[in-house]
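What the coordinates show
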Amino acid sequence: MAGDPEAAILRVWHGHAAPWTRAVREQTIASRLLVTDAAIVEAVLARQPQRVIDLGCGEGWLLRALAAHGIDGLGIDAVPALVDTARAAGGGRFVTMDYADIAAGSLDERADIVVCNFSLLGEASVDGVLAAIPPLLASGGALLIQTLHPWSACGEAGYRDSWREGSWAGCGEGFGEAAPWYFRTFAGWMRSFSAAGLVLASMREPLHPHSGRPASVIFELVPR
């Protein structure tokens, strides 16, 4: 994989705000429609938070869904066009900030839940932002991460922590170059959580209703 994959993630997402917004709002992505959107909403509501920080909020759908339940939300994303789109739709406050800024301690906020919904794509960038999350949590707070299930997403590259080629398959039209992403095994995720001072409290594995295979994994983590 040529070049810096962390930089490529940001570059690709900066160029795909419009088709991504369309895919989310038109419910083009079957797994989201059938399983994963409802799964993360359910996981957040189960903890009955008053305030949520959504890191990598995209066009803001999750905070809009939570606002319908009276939950105050702050959305953070590195792509200004996505933040502008989220802000226009309402449902919370939205701020442009990248993970390097968060890792450096620039986000001076507290919440009952910090959620990362399919928004942890890199290697060093993810480790940096994970380490910055415990100070963002109010007393008794938790981090919820929904991501690709390592067993289902392993593919042909083998079950080892490594960079993988991305794909927009199933997302609809208007997409070009796909961003790379860093595949973590379950053990890889546990190492990253431990290094960040986070402990796994529970785990959910939402199943696709047609295939019966895990559509994602949701980690619930608390500070050590």
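Each chain carries its own residue numbering, running from 1 in the written order of its sequence. Residue-level local features of this predicted model are given only where pLDDT is at least 70; pairs of side-chain atoms are given and counted only at 80 or more, and the full residue set underlies all totals for whole chains, interfaces and linings. Hydrogens are left out, water is left out, and the side-chain values use all remaining heavy atoms of the structure.

A word on the overall build of the chain
The way it works is that DSSP assigns letters per residue, a run of H or I at least four long becomes a helix, a run of E at least two long becomes a strand, and they are numbered from the N terminus. Tallying secondary structure elements over the chain gives nine helices and nine strands in all. C-alpha atoms define the radius of gyration, and 2.2 Å times the number of residues to the power 0.38 defines the globule rule. For the chain, the C-alpha radius of gyration of 16 Å lies close to 17 Å, the compact-globule estimate for 224 residues. C-alpha extents for the chain along the principal axes are approximately 40 × 40 × 40 Å. For the exposure calls, accessible area comes from a 1.4 Å probe over protein chains only, and a residue counts as buried if that area is under 20% of its type's maximum, exposed if over 50%, partly exposed in between. Counting every position in the chain, which comprises 224 residues, the buried fraction comes to 50%. Residue pairs in contact within the chain that sit at least 24 positions apart in sequence constitute 66% of those at least 6 positions apart. Accessible surface for the chain amounts to roughly 10,100 Å². Of this, 53% is attributable to carbon and sulfur atoms. The centroid of the 17 positive side-chain charges in the chain is displaced by 3 Å from the centroid of its 24 negative side-chain charges. Contacts between residues were defined by any pair of non-hydrogen atoms, one from each residue, lying within 4.5 Å. Shrake-Rupley sampling with a 1.4 Å probe provides the accessible areas, and residues are treated as covered by the protein chains on show and by no other component. Residues scored as positive are Lys and Arg, those scored as negative are Asp and Glu, and His as well as the terminal groups of each chain are ignored. A charged residue contributes its charge at one atom only: NZ of Lys, CZ of Arg, CG of Asp or CD of Glu.

Describing the pattern of salt bridges
Salt bridge, as used here: a side-chain nitrogen of Lys or Arg that lies within 4 Å of a carboxyl oxygen of Asp or Glu. By the definition in use, this model includes 12 salt bridges. With a closest N to O distance of 2.8 Å, D72 and R51 form a salt bridge. Taken together, the residues D72 in strand β2 (residues 72–77) and R51 in strand β1 (residues 51–55) connect sequence positions 21 residues apart. Across the pair E59 and R64 runs a salt bridge whose closest N-O atoms are separated by 2.7 Å. Owing to a relative accessible area of 25%, R64 belongs among the partly exposed residues under this scheme. Each member of the salt-bridge network shares a partner with another, and the members are R51, D72, R93 and E109.

Let's talk about the packing of helix α2 (residues 17–25) against helix α5 (residues 80–89)
One way to put it is that α2 packs onto α5 with a least axis distance of 9 Å and a crossing angle of 40 degrees. Taken together, the axes of α2 and α5 are oblique relative to one another. Regarding α2 and α5, the two cross each other, and that crossing is right-handed. In contact with A17, W20, T21 and R25 of α2, α5 contributes A81, L82, T85, A86 and A89. Inter-axis angles, ranging from 0 to 180 degrees, are taken between N-to-C directions of lines fitted to C-alpha atoms, where helices are fitted over the stretch in contact. Note on angle classes: values under 35 degrees are labelled roughly parallel, values over 145 roughly antiparallel, values of 65 to 115 roughly perpendicular, and the remainder oblique. Helix crossings get a hand from a simple test, with the near helix turned counterclockwise from the far one by less than a right angle marking a left-handed crossing and a clockwise turn marking a right-handed one.

Digging into the nonpolar core
Joining through side-chain atoms within 4.5 Å is the link that ties buried Ala, Val, Leu, Ile, Met, Phe, Trp, Tyr and Cys residues into a set, and such a set is a nonpolar core. Counting residues in hydrophobic clusters, the biggest one holds 34 residues, and the most contacted among them are W13, W20, I40, V52 and L66. Elements with a minimum of two residues in this core: α1 (5–14), α2, α3 (30–46), α4 (61–67), α5, β4 (111–117) and β5 (137–147). At five residues, the largest contribution of residues to this core is made by α3. Once you skip the residues sitting within four places of it in the chain, V52 turns out to touch V44, L63, L66, I71, D72, G73, L74, A111, I113 and V115. Core analysis: the second largest hydrophobic core is formed by 28 residues, A111, A132, I133 and V217 among them.

Quick word on the state of the cysteines
Count a disulfide wherever a pair of cysteine sulfur atoms falls within 2.5 Å. This structure, assessed with the given rule, holds zero disulfides. Among the cysteines around C57, which has no disulfide bond, C116 carries the closest sulfur, lying 11 Å off. Classification of C57 as buried rests on a relative accessible area of 4%.

Remarks on the packing of aromatic side chains
Describing an aromatic ring pair means giving the distance of the ring centres and the angle of the ring planes. Stacked, edge-to-face and tilted labels apply to pairs of Phe, Tyr and Trp rings (six-membered ring for Trp) whose centres lie within 6.5 Å, assigned for plane angles under 30 degrees, over 60, and everything in between, in that order. Going through the model one piece at a time under the given rule, you end up with 11 aromatic pairs. Ring centres 5.9 Å apart and planes at 75 degrees place the aromatic pair Y159 and F183 in the edge-to-face group. With a gap of 24 residues between them, Y159 in the loop between α8 (150–153) and β6 (162–164) and F183 in strand β7 (residues 181–183) connect regions that are remote in the sequence. You can call Y159 partly exposed: its relative accessible area is 46%. Throughout this description, the term charge over a ring refers to an Arg CZ or Lys NZ atom that lies within 6 Å of the ring centre and within 35 degrees of the ring normal. Residue placement shows R164 over the ring face of F183; its charged tip is 4.1 Å from the ring centre. Geometry around W189 places R184 over its ring, the cationic atom sitting 5.1 Å from the centre.

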